Amino acid sequence: MSKKLTRRQIVAGTVAGITIAALPVPAVLASPLSLANGKMSSFSDGEMNLPVESVFYDIVGNDRNKFLNAAGVSDGVWRRPVNVNLLEIGNRKILFDVGSGNNFLPSLGELPAALDAAEVDIGDITDVVFTHAHPDHIWGIVDDFDDLLMPDAAYYISQGEWDFWDSDKAMNAMPAGRESFAVGAKSRFDMLRNKMSFFKDGDEILPNIEIVKTAGHTPGHSSILIHDSGHSVLVVGDAFTHPIISFNHPEWHDPADMDREESALTRKRILDRVTADKISLAATHLPSPGFGRVEKNQAAWRYIAADS
Ligand SMILES: [Zn+2]
């Protein structure tokens, strides 16, 4: 079991006047996906509460209330989970993204505790594959003392994503208020510079694990296709962020999509592929645990959560 302490545990211990008092750990997200050759689990890094004004602001008129109500954002807050997937296959433990750690939003940074609760030693993770370099996907590589939580793991990211966030282009592209996204990505890159391997569209980075370019949300955003004789799964990161809107209206962009046109084209292309090839989705921000499949009904796509 990992003995690393979080800032919250230390603060809790200090306040309580005792040595260390661990806070209650979050529930482990149930229902791992059984693959023919392994197991895919989902762990919660927490939940992001976004003001409704920032949600899908290209929905206008009567459609806006209709979709937001149907999407469960009628109280002014869009509660967006952050799911992190772990694939256990052979002797590998492969993590897809790492959550945000404790320096982004106070409601996030729960991944280490969630893994601990499931008796997964974070030090045993062999590989970490990033979909993209936004804070809720990469900032969590470090603990509260800025040490790598998984110093022995191999790391993978797309060359395009690396080149963007590792250059001045990132800071120049950030809207006001999001400058920390560029600074935070660069500082994490500096820690991983000698450990990172780079991939491009179509690469097989590990046996039966193939990269599918899904750019638009960020310049090098990538999904990861786990080929499996029983149950192939596409880890889609933030290519799909809402269980109704992203599927009913893939042309409506997520507020964090950097290239709106490209992200919409990506969604449509991926929807065609996963429905034709019967590939399941594993998504960071779809309702926990974030596993589901897609059906096409006449002209419209529909997301069906794995548990329903
Ligand atoms: Zn995200």
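Our subject in this report is the structure included herewith. (Residues numbered from 1 in each chain as written. Predicted model: local features only at pLDDT ≥ 70, side-chain atom pairs only at ≥ 80, totals over all residues. Heavy atoms only, no water.)

A few points about the coordination of the zinc ion
Selection criterion: Coordinating N, O and S atoms are those within 2.8 Å of the metal (3.2 Å for Na, K and Ca), and as water is not part of the atoms, a site may appear to have fewer donors than expected. Under this scheme a four-donor centre is tetrahedral when all angles range from 85 to 135 degrees, a four-donor centre is square planar and a six-donor centre octahedral when opposite donors are above 155 degrees with the rest from 65 to 115, and any other centre is irregular. The way it works is that DSSP assigns letters per residue, a run of H or I at least four long becomes a helix, a run of E at least two long becomes a strand, and they are numbered from the N terminus. Only protein chains enter the calculation, and the probe is 1.4 Å; a residue is then buried if its accessible area is under 20% of its type maximum, exposed if over 50%, and partly exposed in between.
At the metal site, the zinc ion is ligated by Asp136 (OD), His137 (NE2), Asp238 (OD) and His285 (NE2), and these contacts range over 2.1 to 2.2 Å. Viewed at the metal, the 4 donor atoms of the zinc ion are separated by angles of 86 to 167 degrees, and the geometry they form is irregular. Expressed as a motif, the donor residue spacing for the zinc ion is D-H-x100-D-x46-H. With His137 in helix α4 (residues 135-138) and Asp238 in the loop between β11 (233-237) and α8 (245-248), this pair connects stretches of sequence that are 101 residues apart. Here the two residues His137 and Asp238 agree in accessibility, since each one is buried.

Considering the pattern of salt bridges
Put simply, the rule is: We count a salt bridge whenever a side-chain nitrogen from Lys or Arg sits within 4 Å of a carboxyl oxygen from Asp or Glu.
A complete count under the given rule lists 13 salt bridges for this structure. Across the salt bridge formed by Asp190 and Arg193, the nearest N and O atoms sit 2.7 Å from each other. Take Asp190: its relative accessible area is 43%, and that puts it in the partly exposed class. Here Arg273 and Asp277 are joined by a salt bridge, their closest N and O atoms 3.8 Å apart. Here the residues in one salt-bridge network are Asp166, Lys186, Asp190 and Arg193, joined through shared partners.

Side note on the sheet that holds strand β5 (residues 127-129)
Just so we agree on the cut-off: In this analysis, strands are considered paired if DSSP registers two or more bridges between them. All axes here are fitted lines through C-alpha atoms, helices being fitted over the stretch that makes contact, and every angle between N-to-C directions spans 0 to 180 degrees.
In spatial order, the strands read β1-β2-β3-β4-β5-β6-β7; together these 7 strands make up an open sheet with mixed pairing. The open sheet has two free edges, formed respectively by β1 (33-35) and β7 (196-199), since each of these has just one partner strand. Taking each pair of neighbouring strands and ignoring which way they run, the sheet shows an average axis angle of 25 degrees. Where β5 meets strand β6 (residues 154-158), 3 bridges bridge the pair, whose relative direction is parallel. The partner of Val129 across the bridge, within β6, is Tyr156.

Side note on the packing of aromatic side chains
Quick reminder of the rule: Only rings of Phe, Tyr and Trp enter the pairing, Trp through its six-membered ring, and a pair is recorded when the two centres are within 6.5 Å. The plane angle decides the type: under 30 degrees is stacked, over 60 is edge-to-face, the rest tilted.
Tallied over the full model, the rule gives 8 aromatic pairs. Both rings, one in Trp162 and one in Phe189, keep their centres 4.1 Å apart while their planes meet at 10 degrees; by these two values the pair is stacked. You can see Trp162 sitting in helix α5 (residues 159-165) and its partner Phe189 sitting in helix α7 (residues 179-192), a full 27 residues away along the chain. We note that Trp162, like Phe189, is buried. Between Trp162 and Phe198, the aromatic rings sit 5.1 Å apart at their centres with planes inclined by 65 degrees, giving edge-to-face as the arrangement. Of the two residues, Trp162 is situated in helix α5 and Phe198 in strand β7; the sequence distance between them amounts to 36 residues. By relative accessible area, Phe198 is classed as partly exposed at 34%. Following the ring pairs from residue to residue traces out a cluster consisting of Phe104, Trp139 and Phe181.

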